[in-house]
Amino acid sequence: MCPQQTVTNGDFDPDRQARSSTGRNESSRLGTLMGSPLSDPPTVNSQQCLRCGSCVEACPTGARQWVGRTVTVVDLMTEVLRDRPFFEQSGGGVTFSGGEPLMQHEFLLACMQVCRQEGLHTALDTSGYAPQQQVMDLLELTDLFLYDLKLMDDDRHREHTGVSVQPILANLRALDQAEAEIWVRLPIIPGLNDDEDNVAAIGNFIADLSNTRRVHVLPFHEAGTNKKQRLGKRERESQSGSQPCVPLARLLQRLRLHGLEVHVGG
Amino acid sequence: MNARTRHLRAESLEATPTISTERAELLTKFYQDNQGKHSTPVLRALGFRYLCEHKTIHIGPGELIVGERGPEPKATPTFPELTCHSLEDLRILNSREKTSYSVSDEVLQQYEELIIPFWQGRSLRDRIFEQLPADWRNAYTAGIFTEFMEQRAPGHTVADGKIYRKGMLDFKTDIRYAISDLDFREDPFATRRREQLRAMEIAADAVILFAQRHADHARELARSQTDPTRRAELEKIVEVCTRVPAHAPRDFWEALQMYWFCHLAVITELNGWDAFSPGHLDQHLEPFYQDGLAQGNLTRETAKELVECFFIKFNNHPAPPKVGVTAAESGTYTDFANISLAGQRRNGSDAVNEVSYLLLEIIDEMHLLQPSTNVQISRKTPERFLLAACEVIRKGYGFPSVFNSDTVVEEFLRQGKSIEDAREGGTSGCVEAGAFGKEAYILTGYFNLPKILELALNDGHDPRTGKQLGPQTGDPCDFDTFAELFAAWQSQLHHFLDIKIRGNQIIEQLYAENMPAPFLSLITDDCVAKGMDYNEGGARYNTSYIQGVGIGTLTDCFAAINKHVYVEQTFTMAELLNALATDFQDAELLRQILLNKSPKWGNDDDAADTLMKKAFDTYFNAVDGRPNTRGGCYHINMLPTTCHVYFGSVMGASPDGRRAGTSLSEGISPVQGMDQLGPTAVMLSAAKMDHVKTGGTLLNMKFTPEVLAGETSLTKLAGLIRAYFQLGGHHVQFNVISTEALRQAQAEPDAHRGLIVRVAGYSDYFCDLSVALQEEIITRTEHDLKG
């Protein structure tokens, strides 16, 4: 089946560029597909996968789908702007998220510039782990930063994310100094980062900032397990999903004691 | 609700619909004695008066607003002069699983001995079918279009504010002036006009009489009433029923009762489709409300109680029973009486007032099946009101539905109505726009747009009935381009529209000649001034509509054929037709391609949406502006009621991947489950239709409760509505219920009797719906966060 067999141009996704078809036959193309009857389906060899997309195009039920695609700034912003009538009514706009959007910072910058030109409200959902200049470049273009904080202790942060927390904190301070609009987000992984010490440290840190007061506590969810399975990764033996150290209500209260405006979710 | 209204509401919910032969018996007797002695209009009016004189007067314990259509709540009369049910029909009504009406042995006996012998061959339905040509009857039987006027009178109108300013005695004065103005020398129709006007005068007297009988009955009840509170109420009822409808109402209570007597009169005289509706009730009640508060004889609580009693009256009236095709096109108890909130005043200013909020509160608390309720949102409607409406919407009863008052006004102006009449108008039935109090906007049946394609794909031959129904537009395997196929569809469309309209003209004239509606005429402008009946063109505006059903399915069919047969040549037309003919047996691969690898309406994809526009424009051009026989013309609207299920059942498999016999898309909504890019994409697609060129479009959306929970969600819902309306959309309505809940209700109907969902332009009890319709509602896409 892959990667050599030519298949039809039938794509369901309206945004994809139409691929050029290679040689149309006089007789119906269905014959080619019908050559692989449903009783003896073609197999996909993931070891040899070249990401050509032939299997996606061939799959009639749409069971195989692309995740991720290459787009230009124009592509993306054209799609975004389709919903302009709705943004204008709701006062909403565009949130750039990920993954980590700052890993594509040039593209991000270009898109946000278009947003500005078009008068759209912009929000950036980021871990804050990026060179400070890249972050500050976006200051004027970003109406709202949704900034993650997970673990304040550097060792613990390295253990669970692989990187230091220092740049993240430095960037947050810098944005705060520059009077950016920031909502800090605290994703709770019960048993991992919801202990008294970490919560207190986070509370203290934000309280020390000049302009930032708002924290969104994000309760744990399992939405990521599906992604793991699809990537073929096994469930890691970890503390995630185990018993919370502190009940949510107390955690919220702790944060409020620092004088912070605390929300759940959102 | 208080104890009284809770009790009355429970009573209403528990009452079971039954067939009452009282009206049929009385009318038969009247006709036996009087037919041939009077002109048709006068005969009808005298018959109406006879009913008013003799029908049972019912005043239930605790009621404040009084008057029933039948001898008791949910006792539903029949109209043998229009349709004479056979014994078999009655047995079906009694035994069918959904929307049944209990038929007693006495009823069967009356029918057998009295009613059928007189009315068989004499009912208007018999005469209609006799006069309709064979090609009409073949198309009707094959399911290409429907025609409810074979069982229900035209109807289709709504009250305006006249009845709150004038009493029947004032109307009679107008009538007498009109009669005295008749010019018997110059006007060849003067005699005819005189008869119509006389009939209207008789009808006015009949209603006064009917109300007086209520006063008399209330007086009797008061005399024997020991509870002083109730006695006082009954004495007030005596007063109210003596005052209205003879005179204009003076207070809030009288205003409600005035409307109610008019409503009863309209639905006693005939069984007009969509009963009758109060229209902009909040505007009409407002002055009475303010005066009552100011004078201290009304409080918000007593006003609320009265309106709740008023609402319950509507709920006591299941639609007059339908059989056959007409039952399938609207399988529901709902009789479509509609109450509109908000909108605009005659002078263009915003109409939201305290009564609007009061009504919202009542709608929320009572959540009854009837009356239907809607809100008319204009650019001037305050956000606070829209948010309050959204609060009710997200509770999931399926109402109120939401209309774009500004687009509705534009629709009227395009149709040539005056700006004042436009603003005073609104929507009723499901989504149809009309100039309240001044327009007869008659829906003439539904039209099966996708089946027309099925015929085009079969050279005019109907696979289901095996008949050559349409013209031979060519073997589609010979078409080289999509344009040729589209042209074939167009030819078939024109052919059947011609048949439909020719049939309509016949039906219209039969009603005009034989079934005038004198009471409805006297309260509809300009019937009195013109001396013409409602059914013959007396109204100021006389419009006929043909509802296009299945535009979503049709669009997807065209898009799939265009892409796979002509552009990409994935398969040949012959392969496609083969697959359709066998309902995709051994062609599952092809079916999956049709379902998943084709452009779909509702995703803001021009590959589909431009084809929608093409089909819509063709339909519009073929219908809009064609004259009817009442001095007006035809327009289109896009709503299905429940006809999308019936129309699907008479069609084989279709090129969008749909299996034979299954439901079509409803309203202008995408095919169930085919919108995959969220509600904004659905609305962006829907907005590409030129709503202003219609008399109404229907868009259904479904959300799970989670999506609309929380404070910010209300604002988002309101924003979604405003955005769609800014893009020109006519209407949107929301189902807020999870699929699991619906499946549960399917499995255990007795535990979910109260579950109300939005069907088409009305809500209904989920458990009362046919399984096919239940499935269709479940499949309608849920815009879910998990999507």
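Residues numbered from 1 in each chain as written. Chains lettered and ligands numbered in written order. Predicted model: local features only at pLDDT ≥ 70, side-chain atom pairs only at ≥ 80, totals over all residues. Heavy atoms only, no water.

1. Topic: the overall build of chain A
For chain A, the count of helices and strands is 11 helices and 6 strands. Relative to its full complement of 266 residues, chain A shows a buried share of 36%. Counting only contacts in chain A whose residues sit at least 6 apart along the sequence, the fraction spanning at least 24 positions is 69%. Put simply, chain A shows about 15,500 Å² of open surface, and 49% of that area lies on carbon and sulfur atoms. (Helix = DSSP H or I, 4+ residues; strand = E, 2+ residues; numbered from the N terminus. Buried < 20%, exposed > 50% of the residue type's maximum accessible area, 1.4 Å probe, protein only. Contact = heavy atoms within 4.5 Å. Areas by Shrake-Rupley, 256 points an atom, 1.4 Å probe, with all protein chains shown as cover.)

2. Let's talk about the overall build of chain B
For chain B, the count of helices and strands is 32 helices and 16 strands. Over its C-alpha atoms chain B spans a radius of gyration of 26 Å, differing by no more than 12% from the 28 Å that the globule rule assigns to 787 residues. Along the first, second and third principal axes, the C-alpha set of chain B runs to 80 × 60 × 55 Å. The burial tally for chain B puts 67% of its 787 residues in the buried class. A separation of at least 24 residues holds for 77% of the contacts in chain B among residues at least 6 apart in sequence. When the accessible surface of chain B is totalled, it reaches about 25,000 Å², and 49% of it is carbon and sulfur. Charged side chains in chain B number 79 positive and 106 negative. The centres of these two groups are separated by 3 Å. (Rg over C-alpha atoms; globule rule 2.2 N^0.38 Å. Lys, Arg positive; Asp, Glu negative; His and termini not counted. Charge placed at Lys NZ, Arg CZ, Asp CG, Glu CD.)

3. What about unusual backbone geometry?
Residues and elements named next belong to chain B. The omega torsion across Val244 and Pro245 is 0°, close enough to zero to call that bond cis. Secondary-structure assignment places Pro245 in the loop between α11 (228-243) and α12 (252-269). Backbone geometry places His367, a non-glycine residue, at a positive phi of 25°. Relative accessible area serves as the criterion here: at 25%, His367 is assigned to the partly exposed category.

4. Details of the environment of Leu102 of chain A
Residues and elements named next belong to chain A. You can see Leu102 is positioned in the loop between β1 (93-96) and α5 (105-117). Once the C-alpha coordinates of Leu102 and Asp148 are considered, the two residues, 46 residues apart in sequence, prove to be 13 Å apart. In this structure Leu102 touches Leu108, Thr126, Ala130, Gln134, Val135 and Leu138, once residues within four positions along its chain are discounted.

5. What about the nonpolar core?
All names here are of chain B. Within the largest apolar cluster, 248 residues are counted, with the highest numbers of intra-cluster contacts made by Trp489, Phe519 and Leu522. Among the elements that take part in this core, helix α10 (residues 190-223) stands out by supplying 14 residues, more than any other. Excluding its chain neighbours within four sequence positions, the residues that come into contact with Trp489 are Leu449, Ile452, Leu453, Ala456, Leu554, Phe558, Ala615 and Thr618. (Core = buried A, V, L, I, M, F, W, Y, C linked by side-chain atoms within 4.5 Å.)

6. What about the pattern of salt bridges?
This model, assessed by the stated rule, comprises 69 salt bridges over all chains. Of the charged contacts, one joins Glu261 of chain A and Arg214 of chain A as a salt bridge, the two residues approaching to 3.6 Å between their closest N and O atoms. Note that Glu261 of chain A is positioned in strand β6 (residues 261-264) and Arg214 of chain A in strand β5 (residues 214-218), a separation of 47 residues in sequence. On the basis of relative accessibility, which here comes to 39%, the residue Glu261 of chain A falls in the partly exposed class. Given a relative accessible area of 22%, Arg214 of chain A falls into the partly exposed group. The salt bridge involving Arg394 of chain B is made with Glu391 of chain B; its shortest N-O contact spans 3.4 Å. (Salt bridge = Lys/Arg side-chain N within 4 Å of Asp/Glu carboxyl O.)

7. Observations regarding the confidence of the model for chain A
Residues and elements named next belong to chain A. Confidence along chain A averages 81 in pLDDT terms, with 78% of residues attaining 70 or more. Confidence over residues 1-28 falls short of pLDDT 50; this stretch has 60 contacts with residues more than four positions distant or in other chains. Taken together, the stretch residues 31-39 has pLDDT below 50 and engages in 8 contacts with residues farther than four places along the chain or on a different chain. (pLDDT = per-residue confidence, 0-100.)

8. Observations concerning helix α18 (residues 405-414) of chain B
Residue and element names in this part refer to chain B. The buried fraction of α18 amounts to 7 of the 10 residues, a majority that puts the element mostly inside the structure. Taken together, the buried positions of α18 are occupied by Ser405, Asp406, Thr407, Val408, Val409, Glu411 and Phe412. Taken from the residues just after α18, Gly416 is the one with a positive phi, measuring 95°.

9. Focus: the sheet that holds β6 of chain A
Residues and elements named next belong to chain A. With respect to topology, 6 strands assemble into an open sheet ordered β1-β2-β3-β4-β5-β6, the strand pairing being parallel. Every interior strand has two partners, whereas the edge strands, β1 and β6, have only one. Within the sheet, the average angular offset between the axes of one strand and its neighbour, ignoring direction, is 20°. (Pairing = 2+ DSSP bridges. Axes fitted to C-alpha atoms, helices over the stretch in contact; angles between N-to-C directions.)

10. Describing the side chain of Ser428 of chain B
Residue and element names in this part refer to chain B. In this fold, Ser428 is placed in strand β6 (residues 426-428). Separated by 2.7 Å, the side chains of Ser428 and Tyr441 make a polar contact. Filtering out sequence-adjacent residues up to four positions away, Ser428 remains in contact with Val158, Asn338 and Tyr441. (Polar contact = N/O pair within 3.5 Å; in protein donor to acceptor, adjacent residues only side chain to side chain.)

11. Notes on the packing of aromatic side chains
Residue and element names in this part refer to chain B. The tally for this structure, following the rule as stated, stands at 34 aromatic pairs over all chains. An angle of 50° between the planes, with centres 5.3 Å apart, marks the rings of Phe486 and Trp489 as tilted. Taken together, the positions of Phe486 and Trp489, both in helix α21 (residues 482-514) and 3 residues apart, correspond to about one turn of that helix. Here Phe486 and Trp489 have matching classes, each one buried. Directly above the ring of Tyr357 sits Arg384, whose terminal nitrogen or CZ lies 4.0 Å from the centroid. (Phe/Tyr/Trp six-rings, centres within 6.5 Å; stacked < 30°, edge-to-face > 60°. Lys NZ or Arg CZ within 6 Å of the ring centre and 35° of its normal.)

12. Notes on the sheet that holds strand β9 (residues 541-549) of chain B
All names here are of chain B. If you walk across this open sheet you meet the 4 strands as β8-β9-β10-β11, and the pairing is parallel. Across the chains shown, the open sheet's two edge strands, defined by having one partner strand only, are β8 (439-448) and β11 (694-697). Pairwise comparison of adjacent strand axes, ignoring direction, gives a mean angle of 25° for this sheet. Relative to β11, strand β10 (residues 634-638) runs parallel, the two being bridged by 2 bridges. Looking across to β11, one finds that Ile636 is bridged to Thr694. Where helix α20 (residues 449-457) meets the sheet, its contacts fall on β8, β9 and β10, and the angle it forms with β8 comes to roughly 40°. Across the sheet, helix α27 (residues 606-623) is in contact with β8, β9, β10 and β11; its angle to β10 comes to roughly 150°.

13. A few points about the environment of Pro670 of chain B
Residue and element names in this part refer to chain B. With respect to the helices and strands, the residue Pro670 is situated in the loop between α28 (643-649) and α29 (679-686). The buried category is assigned to Pro670, whose relative accessible area is 8%. Distance from Pro670 to Leu520, taken between C-alpha atoms, is 38 Å for residues 150 residues apart in sequence. In contact with Pro670, not counting residues within four places along its chain, are Trp601, Gly602, Ser665, Asp675 and Val682.

14. Describing the state of the cysteines
Counted according to the given criterion, the structure contains 0 disulfides over all chains. Considering cysteine sulfurs only, Cys52 of chain B is the nearest to Cys262 of chain B, which forms no disulfide, with 11 Å between them. (Disulfide = S-S within 2.5 Å.)

15. A word on the side chain of Asn637 of chain B
Residues and elements named next belong to chain B. For Asn637, the position within the fold is in strand β10. Take Asn637: its relative accessible area is 0%, and that puts it in the buried class. Ignoring any residue separated from it by four or fewer positions in sequence, one finds Asn637 in contact with Glu432, Leu443, Tyr545, Ile546, Gln547, Gly548, Thr694, Gly695 and Gly696.

16. Observations concerning the packing of helix α9 (residues 168-180) of chain B against α10 of chain B
Residues and elements named next belong to chain B. Where α9 meets α10, the axes come as close as 10 Å, and the angle between the chain directions of the two elements is 165°. Our classification of the angle between α9 and α10 gives roughly antiparallel. Along this stretch, α9 crosses α10, giving a crossing that reads as left-handed. Across the interface between the two elements, Met168, Leu169, Lys172, Ile175, Arg176, Ala178 and Ile179 from α9 touch Arg194, Leu197, Arg198, Met200, Glu201, Ala204, Asp205 and Ile208 from α10. For the contact of α9 with α10, the class distribution of residues is 9 nonpolar, no polar and 6 charged. (Parallel < 35°, antiparallel > 145°, perpendicular 65-115°, else oblique. Left-handed = near helix turned anticlockwise from the far one by under 90°. Nonpolar A, V, L, I, M, F, W, Y, C, P; charged D, E, K, R; others polar.)

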